[in-house]
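Read off the chains here:
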Amino acid sequence: MHILAEFVTSAADASGLPRDGLPEVALVGRSNVGKSTLINGLVRQRIARTSAEPGKTRLANFYRVRRGTAPPMYLVDLPGYGYARRASGTEERGAAAQAFARLTEAYFSRGQTMGTDHRTPAKALGVILLVDSRHPGLDSDVDAWTWLKSSGWPCRVVGTKADKLSRAEYVKHARQLESLFDGPVPLVSAATGEGLEDLWKTIASLPRPTAA
Ligand code: GTP
Ligand code: MG
């Protein structure tokens, strides 16, 4: 399948978010869970910057993607949660956390103003919550899932870094994830490509906005 992908813009706050009406799929999850790497895996290009250090992505980055004959959409790489920069002063740490919270809130709260008869923004496709398949059930992930479900955005959960699991862990963790997140949680690996084709199908199955 032919994929065209290009970086379009980075937003630090609500004013920088694109307003061209393209549907969006946002990837959210803890810092270092593999959001940026997964975008690169999905589009088979290194367009998003990744890092072994958590806290790499600080802005909402929008990538315009066309896959085969499907209509164009954005994949959105959001900053991760659960990361406090190793700053000397708590003040700076607090500022980084606040900036993250503001940006994330700006991103998600557009639904309320742009939506039609529903809390979902007219142009949203949805949100994919990424959780590290090696660590099922972290409080921050469960909290994020609870919040997302109540947000009105169509949302799905995916387990990352499946290549790091032993065979025994694979089965055990898949089962744990399934009970924590209300249904089967597909496991993916950007390293081996496992599950990426299915993740595209998941993305395609998200409800299409009725109005452009
Ligand atoms: P922030 O931008 O800090 O929120 O992190 P992120 O979620 O974007 O993580 P990123 O994609 O930068 O990846 C973090 C680290 O995990 C990098 O060292 C990646 O190489 C590694 N990683 C990501 N996906 C996989 C995977 O599928 N398998 C393995 N083995 N490593 C992975
Ligand atoms: Mg990132």
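Quick note: structure is the one above.
Two aromatic rings are characterised by how far apart their centres lie and by the angle between their planes. Tallied over the entire structure, the rule returns 5 aromatic pairs. Between the aromatic rings of Trp145 and Phe181, the centroid separation amounts to 6.1 Å while the plane-to-plane angle is 75°, which identifies the pairing as edge-to-face. In this pair, Trp145 is assigned in helix α3 (residues 139-151) and Phe181 in the loop between α4 (167-180) and α5 (196-205), connecting sequence segments 36 residues apart. Across this residue pair, the class does not change: Trp145 and Phe181 are buried. A connected cluster of aromatic rings, assembled from ring pairs, spans Phe62, Tyr74, Tyr107 and Trp153.

When the terminal C-alpha atoms of α4 are compared, their 20 Å separation across 14 residues agrees well with the 20 Å that a helix rising 1.5 Å per residue should span. The positive-phi residue at the C-terminal boundary of α4 is Asp182, with phi of around 65°.

This part takes up the nonpolar core. Residues Phe62, Leu78, Tyr107, Phe108, Leu129 and Phe181 are the most contacted members of the largest nonpolar core, which totals 29 residues. Those elements giving two or more residues to this core turn out to be β2 (24-29), β3 (60-67), β4 (73-77), α2 (90-114), β5 (124-132), α3 and β6 (155-160). Dropping the residues within four chain positions of it, Leu78 is found in contact with Ala26, Leu27, Val28, Lys35, Thr57, Leu59, Ala60, Tyr107 and Phe108. Counting residues in each nonpolar core, the second largest holds 24 residues, with Ile39, Tyr63, Leu125 and Val158 among its members.

This brings us to the layout of surface pockets. Put simply, the largest pocket is a space of about 440 Å³. In terms of lining, the largest pocket is formed by 27 residues, of which the most central are Asn32, Val33, Gly34, Thr37 and Lys161. Sort the elements by how many residues they give to the lining of the largest pocket and helix α1 (residues 35-43) lands first, with 4 residues.

About the cut-offs
Think of each chain on its own: its residues are numbered from 1, step by step along the sequence as written. Key to labels: chains lettered from A, ligands numbered from 1, both in the order written. Per-residue local features are limited, in this predicted model, to residues with pLDDT of at least 70; the limit for side-chain atom pairs, both in listing and counting, is 80 or more; totals at the level of whole chains, interfaces and linings are taken over all residues. Water and hydrogen atoms play no part in the side-chain values, which are based on all heavy atoms of the structure. Planes of paired rings set the category: under 30 degrees apart is stacked, over 60 is edge-to-face and the rest tilted, where pairs are Phe, Tyr or Trp rings (Trp by its six-membered ring) whose centres lie within 6.5 Å. Each helix corresponds to a stretch of at least 4 residues labelled H or I by DSSP, and each strand to a stretch of at least 2 residues labelled E; elements are numbered beginning at the N terminus. Relative accessibility under 20% of the residue-type maximum defines a buried residue, over 50% an exposed one, and the middle range a partly exposed one, all with a 1.4 Å probe and only protein chains included. Take the number of residues in a helix, subtract one, and multiply by 1.5 Å to get its expected span. What we call a nonpolar core is a set of buried Ala, Val, Leu, Ile, Met, Phe, Trp, Tyr and Cys residues that are connected through their side-chain atoms within 4.5 Å. Throughout, a contact is declared for two residues whenever any of their heavy atoms are within 4.5 Å. Only protein atoms enter the 1 Å grid, on which a cavity is a set of points fitting a 1.4 Å probe that cannot get out and a pocket is an open set with protein on both sides within 12 Å along at least 5 of 7 lines, lining residues being those with an atom within 4 Å of a point. Grid points are joined across faces, edges and corners, and a volume is the space filled by probe spheres set on the points.

All quantities given are derived from atomic positions and should not be read as evidence of function.
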